[in-house]
Amino acid sequence: MSEPVGRRVKFPYTYTAKMVQFPYQHYFKNQWIWRFYFVAFGLSLPLFYQLHTLANVPANKEKWAETKRKQMEPGHH
């Protein structure tokens, strides 16, 4: 008869076995960094959206294009 498929080895030699047996739930529950990471990411989304909209105003795009055009002129240092 064959061995059960879900049997765990005493020491996981392969990377896949190590990833499967890693105690993710323990770290998510007991380390503060995971909670704060997701909270900080959620709170920073409105800030990044505001910066994105301010950077993509048509007047700002024209100013940026003019700056790049001046840099590409011959003799500009």
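Residues numbered from 1 in each chain as written. Predicted model: local features only at pLDDT ≥ 70, side-chain atom pairs only at ≥ 80, totals over all residues. Heavy atoms only, no water.

A. Highlighting helix 3 (residues 32-55). A rise of 1.5 Å per residue sets the reference length of helix 3, with its 24 residues, at 34 Å; its end C-alpha atoms lie 34 Å apart and thus fit the reference within 8%. Where helix 3 bends most, at Ser44, the angle is about 30 degrees, and the proline Pro46 comes one to four residues later. (Helix = DSSP H or I, 4+ residues; strand = E, 2+ residues; numbered from the N terminus. Expected span 1.5 Å × (residues − 1). Bend = angle between axes of the 7 residues up to and from the residue.)

B. Inspection of the UniProt feature "transmembrane region" (unreviewed entry) in the chain at higher detail. Mapped onto the present numbering, the UniProt feature "transmembrane region" (unreviewed entry) falls at residues 32-51. What you have in residues 32-51 is 100% helix and 0% strand, and the ends, taken at the C-alpha atoms, are 28 Å apart. (UniProt positions renumbered as here; feature names shortened; annotations may be inferred.)

C. Structural detail: the packing of aromatic side chains. Overall, the coordinates contain six aromatic pairs when judged by the stated rule. Ring plane angle 70 degrees and centroid distance 5.2 Å describe the contact between Phe11 and Tyr13, whose orientation is recorded as edge-to-face. Plain terms: the ring middles of Trp32 and Phe36 are 5.8 Å apart, the flat faces sit at 65 degrees to each other, and that makes the pair edge-to-face. Placement of both Trp32 and Phe36 in helix 3 is noted, with a separation of four residues, approximately one turn of the helix. Here Trp32 and Phe36 have matching classes, each one exposed. Put simply, the rings of Phe22, Tyr24 and Tyr27 touch in pairs and so form one group of aromatic residues. (Phe/Tyr/Trp six-rings, centres within 6.5 Å; stacked < 30°, edge-to-face > 60°. Buried < 20%, exposed > 50% of the residue type's maximum accessible area, 1.4 Å probe, protein only.)

D. View of the pattern of salt bridges. The final tally for this structure, using the stated rule, is two salt bridges. Arg69 serves as the salt-bridge partner of Glu66, at 2.5 Å between the closest nitrogen and oxygen. Linking Glu66 with Arg69, this pair stays in helix 4 (residues 58-72), spanning three residues, or about one helical turn. The exposure class of Glu66 is partly exposed, given its relative accessible area of 34%. With its nearest N and O atoms 2.8 Å apart, the salt bridge here joins Glu73 to Arg69. Residue Glu73 is classed as partly exposed on the basis of its relative accessible area, which comes to 36%. The partly exposed category is assigned to Arg69, whose relative accessible area is 43%. One network of salt bridges, with partners in common, ties together Glu66, Arg69 and Glu73. (Salt bridge = Lys/Arg side-chain N within 4 Å of Asp/Glu carboxyl O.)

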